Amino acid sequence: MIPEIGQFALSIALCLALLQGVMPLAGAQLGRSDWMAVAQPAARGQFLFVVIAFGCLTYAFIVHDFTVLYVWQNSNTALPLHYRISAVWGGHEGSLLLWALVLTAWTFAVTLFSRSLPAEFRARVIAVMGLVSIGMLLFMLATSNPFERVFPAPAEGRDLNPLLQDPGLVVHPPMLYMGYVGMSVAFAFAIAALLGGHLDAAWARWSRPWVTAAWVFLTIGIMLGSWWAYHELGWGGWWFWDPVENASFMPWLVGTALIHSLAVTEKRGAFKNWTVLLAILAFSLSLLGTFLVRSGVLVSVHAFANDPARGIYILMFLTVVVGGSLLLYAWRAPRVGSGGTFEPISRETALLVNNILLVVAAATILLGTLYPLFLDALGLGKISVGPPYFAAVFVPLMLPLVFLIGVGPLARWKQARIGELAYRLRFVLIAAIALGMLVPLTVAGMNTILVAVGITLGAWATISAIVNLAAYVQRAHRPWPRALAGIPRGIYGMTCAHLGIGVFIVGVTLTSAFEVERELRMAPGDATELAGFAFQFHGVRQVEGPNYMARQGRFEVTREGEAVATLRPEKRIYRVQTSPMTDAAIDSSFFRDLYVALGEPLDRGAWGVRLYYKPFVQWLWLGPLMMALGGLLAASDRRYRVTARQHAGLRGDAASVPTSTAPSPGGA
């Protein structure tokens, strides 16, 4: 009975999505306010019924309803409760239902927090999101029904993929989807503005908090995915340039460019066409990621290996969405004015170069991800594009980008002077170079040119962010406590995000340069030394989990005779799928990780063992957390919460946007 309710709820949700997507658009075009008024109740009703469907599938997992094919494929009576709940999105069909749930949740949020927008514009935004929802719900019901039944009911389920039985699965996919799908709001705002023919500062200001919120979720999602891979896969790596990792990273890069471009459009009325194109590209890349993960064209630990025929629907949907939006852009964009002018040395120029570098970086990743697929599809052979390619093309693009992180916020709008910028940044440059020379010597007693460059860039981003904040305090001409209290959250958000970038760069540099790895044979009683730490192996013992058996090793770690940690890595065999899985043991601190993973059993009780010393590896996730916090601060800036009356200029010309140098929300 419960699965039938879920199936019925999805069908009703599709009907409401049709209503939400068609009537408000027609009403906005014909001036029918009663048709436009349908948007909000239809969107809220659709959200309610998708929640009901999601709840029904979750209930089926909790009670082990193996008459539901998807539950039988991804669960087991021995599976712990928290993994039964997260198994709802652990496979293809359930992940699509999560996609639909997140989309309707974003739409519901738009109906709640966009009441101050003009009715016509709001109706178009909600309608565009309804059209996207139609496509995903049709895909789910036609090819990927999560409530498909199987009779007679199997006595036992096939269990969840052992790789996914990890705490990371509980939080990583929802966060990633909140970011992925959240880009649909930026897309809807852009399409609504194109349909209405009004691209100005008001539109940009309305869009910015939504784009920033989606970017925050995507940042956290990517960070959690990296953390999950580091802990779960047993390789000691944190980023592999895996195609599915790239699929989430590309919209993040374009979304970052979009955030900065919106700042210029809001503040100066410039980049309007470019900003709309970025909004379209960000969501298009999110849909492309959905296609890559669910089409079966990729081989990845992150991908869902399914019938490639399902990918045809997503490819068609992607073609319609991207093609239609680009056609609308080509039709409307020439009618939009160029906006405010600016000189080659200005904040606008710095942000424009920032945008170009980010988009080119995304394009290089897209090429490296799709090129092997095209060759394979054309029968020209199979190749693998790995880290050497991405390091060769991506890293050089990031060097000038990090330099602009320090220059851009201190440059004036419209026109800046090189001499003034050089004067304000001279001490930043000197301090960054000094730290680039000294920090590696302090940490590892050695230095190289690449390490010095990396630390210098990280220090440059960090110190320049602090200098920029100090400049705001100085301009306030008040005691510094009052000046700090008066600085908008957007400025604090920008500062925190740029500090996070600096922390991340330092972490990447030191971890990559000074990590120590050793693979060796160890028998019980053997000891070895790594980076000043002594590891003694005390053998293995059998342990039993809820749905697996494991052999658990014990390693005592000491330094200069003092106990540091006891690490217990495991080699697990899951009862149903009988897949051997490595569960690494990690002792983490702010400045280093000690990482131990069991390999394969050898002769006479000995084991293959992998030991890692990873300095500053936690900074790889601290940096993105600081970026996300910065985005959260920027999105919560009270200057975004304005009424429609304050933006009556929505139908005016963007050329009337003032060009003062006062900071805008977000501080870009």
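Residues numbered from 1 in each chain as written. Predicted model: local features only at pLDDT ≥ 70, side-chain atom pairs only at ≥ 80, totals over all residues. Heavy atoms only, no water.

(A) Representation of the overall build of the chain within the structure. Secondary structure assignment for the chain yields 19 helices and ten strands. Here the chain has a C-alpha radius of gyration of 27 Å; the compact-globule value for 668 residues is 26 Å, and the two agree. Taken over the C-alpha atoms alone, the chain extends approximately 80 × 70 × 55 Å along its principal axes. Looking at the chain residue by residue over its 668 residues, the buried ones come to 57%. For the chain, the proportion of contacts with a sequence separation of at least 24, taken over those separated by at least 6, is 74%. Roughly 27,300 Å² of accessible area belongs to the chain as shown, and the carbon and sulfur atoms make up 66% of that amount. Within the chain, one finds 47 positive and 36 negative side-chain charges whose respective centroids are separated by 13 Å. (Helix = DSSP H or I, 4+ residues; strand = E, 2+ residues; numbered from the N terminus. Rg over C-alpha atoms; globule rule 2.2 N^0.38 Å. Buried < 20%, exposed > 50% of the residue type's maximum accessible area, 1.4 Å probe, protein only. Contact = heavy atoms within 4.5 Å. Areas by Shrake-Rupley, 256 points an atom, 1.4 Å probe, with all protein chains shown as cover. Lys, Arg positive; Asp, Glu negative; His and termini not counted. Charge placed at Lys NZ, Arg CZ, Asp CG, Glu CD.)

(B) Structural context of helix H7 (residues 119-143). For H7, which comprises 25 residues, the first-to-last C-alpha distance of 36 Å matches the rise-based estimate of 36 Å (1.5 Å per residue) to within 8%. Most of H7 is tucked away: 18 of the 25 residues are buried. (Expected span 1.5 Å × (residues − 1).)

(C) Representation of the side chain of Thr107 in the model. Structurally, Thr107 is set in helix H6 (residues 92-113). Taking the relative accessible area as the measure of exposure, Thr107 reaches 3% and is therefore buried. A polar contact of 2.8 Å, which involves the side chain of Thr107, links it to the backbone oxygen of Leu103. Once residues lying within four places of it in the same chain are set aside, the contact partners of Thr107 are Gln20, Ala43, Ile126 and Met129. (Polar contact = N/O pair within 3.5 Å; in protein donor to acceptor, adjacent residues only side chain to side chain.)

(D) The sheet that holds strand E9 (residues 592-601), seen in detail. What the four strands build is an open sheet, ordered E1-E10-E9-E8; its pairing is antiparallel. Edge positions in the open sheet fall to strand E1 (516-522) and strand E8 (585-588), since each of these has one partner strand only. The average angle at which neighbouring strand axes cross in this sheet is 15 degrees, direction not considered. Alignment of E9 against strand E10 (residues 607-615), held across eight bridges, turns out to be antiparallel. Opposite Leu598, over in E10, you have Val609 as the bridge partner. Against the sheet, helix H9 (residues 201-232) contacts E8, E9 and E10, and its axis sits at roughly 50 degrees relative to E9. (Pairing = 2+ DSSP bridges. Axes fitted to C-alpha atoms, helices over the stretch in contact; angles between N-to-C directions.)

(E) Spatial organisation of the packing of aromatic side chains. Counted under the stated rule, the structure contains 33 aromatic pairs. Plain terms: the ring middles of Tyr595 and Tyr612 are 5.1 Å apart, the flat faces sit at 90 degrees to each other, and that makes the pair edge-to-face. Of the two residues, Tyr595 is situated in strand E9 and Tyr612 in strand E10; the sequence distance between them amounts to 17 residues. By the burial criterion, Tyr595 is buried, and Tyr612 matches it. Site record: aromatic cluster; members linked through ring pairs are Trp215, Trp239, Trp241, Phe249, Trp252, Tyr389, Phe390 and Phe394. Positioned above the aromatic ring of Trp72 is the side chain of Arg158, whose terminal nitrogen or guanidinium carbon lies 5.2 Å from the ring centre. Stacked on the ring of Tyr423, the Lys or Arg Arg426 has its end atom at 3.7 Å from the ring centre. (Phe/Tyr/Trp six-rings, centres within 6.5 Å; stacked < 30°, edge-to-face > 60°. Lys NZ or Arg CZ within 6 Å of the ring centre and 35° of its normal.)

(F) A look at the side chain of Gln40. Within the element layout of this structure, Gln40 appears in helix H3 (residues 39-62). When its relative accessible area of 19% is taken as the criterion, Gln40 is described as buried. Setting aside its immediate chain neighbours within four residues, Gln40 contacts Thr111, Arg122 and Ile126.

(G) Looking closely at unusual backbone geometry. Residue Pro152 is bonded to the preceding Phe151 through a cis peptide linkage, with omega at -5 degrees. With respect to the element layout, Pro152 can be found in the loop between H7 and helix H8 (167-196). If you check the backbone angles, Phe271 has positive phi at about 65 degrees while not being a glycine. Mapping Phe271 onto the fold places it in the loop between helix H10 (243-268) and helix H11 (272-294).

(H) Representation of the environment of Pro481. Its location among the elements puts Pro481 in helix H17 (residues 480-486). Accessibility expressed as a relative area gives 45% for Pro481, which makes it partly exposed. Put simply, Pro481 and His64 are 417 residues apart on the chain and 58 Å apart in space, counted from C-alpha to C-alpha.

(I) Molecular detail of the pairing of strand E2 (residues 527-530). A one-sided burial pattern is seen for E2, the buried positions being Thr528 and Leu530 and the unburied ones Ala527 and Glu529. From the end of E2 to the start of strand E3 (residues 533-544), which pair antiparallel, there are two residues, and Ala531 there has a positive phi angle of about 55 degrees.

(J) Quick peek at the pattern of salt bridges. Taken as a whole and assessed by the stated rule, the structure comprises 17 salt bridges. Between Arg572 and Glu570 there is a salt bridge whose closest N-O contact spans 2.8 Å. Here the two residues Arg572 and Glu570 agree in accessibility, since each one is buried. The partner of Asp583 in a salt bridge is Arg572, and the shortest N-O contact between them spans 3.7 Å. Of this pair, Asp583 sits in strand E7 (residues 580-583) while Arg572 sits in strand E6 (residues 570-574); the two residues are eleven residues apart in sequence, bridging distant segments of the chain. The buried category is assigned to Arg572, whose relative accessible area is 14%. (Salt bridge = Lys/Arg side-chain N within 4 Å of Asp/Glu carboxyl O.)

(K) Expanded view of a nonpolar patch on the surface. Where nonpolar side chains cluster on the molecular surface, the patch consists of Tyr59, Ile62, Val63, Leu81 and Ile85 and spans about 400 Å² of accessible area. Where the nonpolar patch is concerned, the elements lending two or more residues are H3 and helix H5 (81-86). Of note, Val63 is situated in the loop between H3 and helix H4 (69-74). (Patch = residues over 30% accessible without salt bridge, like charges linked within 9 Å, V, L, I, M, F, W, Y side chains within 5 Å.)

(L) Representation of the packing of H9 against helix H19 (residues 619-635). Packing of H9 against H19 brings their axes to within 9 Å, and their N-to-C directions diverge by 165 degrees. Viewed along their axes, H9 and H19 adopt a mutual orientation that is roughly antiparallel. Both H9 and H19 take part in a crossing whose hand is left-handed. Between H9 and H19, the contacting residues are Pro209, Thr212, Ala213, Trp215, Val216, Thr219, Ile220, Met223, Ser226, Trp227 and Tyr230 on the first element and Trp621, Pro624, Leu625, Met627, Ala628, Gly631, Leu632, Ala634 and Ala635 on the second. Looking at side-chain class alone, the contact of H9 with H19 contains 16 nonpolar, four polar and no charged residues. (Parallel < 35°, antiparallel > 145°, perpendicular 65-115°, else oblique. Left-handed = near helix turned anticlockwise from the far one by under 90°. Nonpolar A, V, L, I, M, F, W, Y, C, P; charged D, E, K, R; others polar.)

(M) View of the confidence of the model for the chain. For the chain, per-residue confidence averages 87 on the pLDDT scale, and residues scoring 70 or more make up 92% of the total. For the chain, per-element mean pLDDT is lowest for H17, which scores 82, and highest for H3, which scores 96. (pLDDT = per-residue confidence, 0-100.)

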